[in-house]
Amino acid sequence: MGLKLNETLLFCGVRHFFNELQTIYPELIRSFWRHVEFINKNIIASKVLGVKVVLSYETIAKAIGCLCEGSTYEESWEKNYDSHVTRALCRDNANKASDQKTIIYNLMCEKVKIWANILNKSVLFKEGSKTTLFDLDKFVLFHLMKNLSLDLPHTLYINMLRNLKGLRGLDDIYYAPLINKFLWDQGVYHVFNKLYEDSK
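Engineer: Is there a simple way to think about the overall build of the protein in this case?
Structural biologist: Along the backbone of the protein there are ten helices and three strands. When the elements of the protein are put in sequence order from the N terminus, they spell out α-α-β-β-β-α-α-α-α-α-α-α-α. Burial status across the protein gives 43% buried among its 200 residues. Expressed as a percentage of contacts within the protein between residues at least 6 apart in sequence, the contacts between residues at least 24 apart total 68%.

Engineer: When you look at the pattern of salt bridges in this model, what are you seeing that I'm missing?
Structural biologist: Close approach of charged atoms allows side chains with opposite charge to pair. Per the counting criterion, the structure on display carries five salt bridges. Between aspartate 185 and lysine 62 there is a salt bridge whose closest N-O contact spans 3.1 Å. Taken together, the residues span a long stretch of sequence, with aspartate 185 in helix H9 (residues 176-185) and lysine 62 in helix H3 (residues 57-64) at a distance of 123 residues. A relative accessible area of 32% places aspartate 185 in the partly exposed class. Taking the shortest distance from any N to any O, the salt bridge between lysine 138 and glutamate 78 comes out at 3.0 Å.

Engineer: Looking at this model, I keep getting lost on the packing of aromatic side chains. Mind explaining?
Structural biologist: A ring pair, where both rings are aromatic, is described by two values, the distance of the centres and the angle of the planes. In this structure the tally under the stated criterion is nine aromatic pairs. For the ring pair tryptophan 77 and phenylalanine 142, a centre distance of 6.0 Å and an interplane angle of 45° mean the geometry is tilted. Of the two residues, tryptophan 77 is situated in the loop between H3 and helix H4 (84-90) and phenylalanine 142 in helix H7 (residues 135-145); the sequence distance between them amounts to 65 residues. By relative accessible area, which is 2% here, tryptophan 77 ends up buried. Site record: aromatic cluster; members linked through ring pairs are Tyr25, Trp184, Tyr189 and Phe192.

Engineer: I keep staring at the sheet that holds strand E1 (residues 37-40) and nothing clicks. Help me out?
Structural biologist: Within a sheet, neighbouring strands are paired by backbone hydrogen bonds and run either parallel or antiparallel to one another. If you walk across this open sheet you meet the three strands as E1-E2-E3, and the pairing is antiparallel. The outermost strands of the open sheet, each flanked by one partner alone, are E1 and strand E3 (51-55). For this sheet, the mean angle separating the axes of adjacent strands, direction not counted, is 35°. In terms of strand pairing, strand E2 (residues 43-48) meets E3 through five bridges, oriented antiparallel. Residue pairing for E3: isoleucine 44 is matched across the bridge by leucine 55.

Engineer: Is there a simple way to think about the pairing of E3 in this case?
Structural biologist: Covered by surrounding structure in E3 are Val51, Val53 and Leu55 only, the residues Lys52 and Val54 on the alternate face being uncovered. Connecting the antiparallel pair E2 and E3 is a turn made up of two residues, with leucine 49 showing a positive phi of about 55°.

Engineer: Sorry if this is basic, but what is going on with the nonpolar core here?
Structural biologist: Where a protein is soluble and globular, its nonpolar side chains tend to be buried together. Among the nonpolar cores identified, the biggest contains 53 residues, and Phe32, Trp33, Leu55, Ile179 and Leu183 are the most heavily contacted of them. Sort the elements by how many residues they give to this core and H7 lands first, with seven residues.

Engineer: Sorry if this is basic, but what is going on with the packing of H7 against helix H8 (residues 152-164) here?
Structural biologist: For any two helices packed against each other, one specifies the inter-axial angle together with the distance between the axes. Following both chains from N to C, one finds H7 and H8 inclined at 160°, their axes separated by 11 Å at the closest point. Judged by the angle between their axes, H7 and H8 are roughly antiparallel. With respect to the hand of their crossing, H7 and H8 are arranged in left-handed fashion. Residue-level inspection shows Leu136, Asp137, Phe139 and Val140 of H7 in contact with H8, the latter providing Thr155, Ile158, Asn159 and Arg162. Taken together, the residues that form the contact of H7 with H8 break down as four nonpolar, two polar and two charged.

Engineer: Looking at this structure, I do not really get unusual backbone geometry. What am I missing?
Structural biologist: Glycine aside, a negative phi is what most residues show, and trans is what most peptide bonds show. Its identity is not glycine, yet arginine 91 carries a phi of approximately 50°, on the positive side. Note that arginine 91 resides in the loop between H4 and helix H5 (94-98). Taking the relative accessible area as the measure of exposure, arginine 91 reaches 46% and is therefore partly exposed. Of note, the phi angle at asparagine 147 is positive, near 55°, even though the residue is not glycine.

Engineer: What should I look at first to understand the confidence of the model for the protein in this one?
Structural biologist: Caution applies to low-pLDDT parts of the model: their predicted coordinates are not meant to be read in detail. Taken as a whole, the protein shows an average pLDDT of 79; of its residues, 78% reach a score of 70 or greater. Mean pLDDT per element in the protein: helix H1 (residues 5-11) is the minimum at 63, and E3 is the maximum at 90.

Scoring rules and cut-offs
- All residue numbers refer to position in the chain's written sequence, counted from 1.
- Local features in this predicted model are restricted to residues whose pLDDT is 70 or higher, and side-chain atom pairs enter the listing and the counts only when it is 80 or higher, whereas totals over whole chains, interfaces and linings include all residues.
- Computation of side-chain values covers all heavy atoms of the structure but excludes hydrogens and water.
- Where helices and strands are cited, they refer to DSSP runs of H or I of at least four residues and of E of at least two residues respectively, numbered from the N terminus.
- Relative accessibility thresholds used throughout: buried, under 20% of the residue-type maximum; exposed, over 50%; partly exposed, between the two (1.4 Å probe, protein chains only).
- Between two residues, a contact is recorded if the distance between any of their heavy atoms is within 4.5 Å.
- Here a salt bridge means any side-chain nitrogen of Lys or Arg lying within 4 Å of a carboxyl oxygen belonging to Asp or Glu.
- Pairing of aromatic rings covers Phe, Tyr and Trp, the last through its six-membered ring, and needs centres within 6.5 Å; plane angles under 30 degrees mean stacked, over 60 mean edge-to-face, and all others mean tilted.
- Each pair of strands is called paired provided DSSP finds at least two bridges between the two strands.
- To get an axis, a line is fitted to the C-alpha atoms, and for a helix only the part in contact is used. The angle between two axes follows their N-to-C directions and goes from 0 to 180 degrees.
- For this analysis, a nonpolar core means a set of buried residues of the types Ala, Val, Leu, Ile, Met, Phe, Trp, Tyr and Cys, connected via side-chain atoms within 4.5 Å.
- Any angle between 65 and 115 degrees counts as roughly perpendicular, while under 35 counts as roughly parallel, over 145 as roughly antiparallel, and the rest as oblique.
- We call a crossing left-handed when the near helix sits turned anticlockwise from the far one by less than a right angle, and right-handed when that turn is clockwise.
- Residues are grouped as follows: nonpolar covers Ala, Val, Leu, Ile, Met, Phe, Trp, Tyr, Cys and Pro; charged covers Asp, Glu, Lys and Arg; every other residue, Gly included, is treated as polar.
- Note: pLDDT gives the predictor's confidence per residue, expressed from 0 to 100.

As structure tokens, this is what we get:
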């Protein structure tokens, strides 16, 4: 099957997101979600340990150290590739899949299923069925299969906006790796470490 993780992530410009070992304090992630609010349709804000943090396309890019370049998702993206998307995701089952209005998980090739499972736990976190494919999922999977560069900060933010209203409760650690990087970048961990030192 030949799943070349490092090589593919590098080609697509998203390797850096998976490149760092992190120490995660779940209570800080939970605190972020408990106090989350929309400033407007495109900006998410919260307050953690008294620090106001703002989550946007630009602040995500800065926090994860990925450039805002490569393909960006838009609803009409698939028109640029005609039938290549179905063939890339389904391989031998492409003919069966072309008869469906949406690509069915069981018709995807094994390599794509593995990528989908990896993405569900990282870049394209989602609640509910892990076998349900949204258009954004197809966009990312297609780019991974074809080694095409994509704009990771934009993808992460679009996915977060898509899911935020559907989360069943905000007392959890959704998007833990991303939010953790974000809290480091916006100074929350500096306050956390100072409080820890002062408590000794």
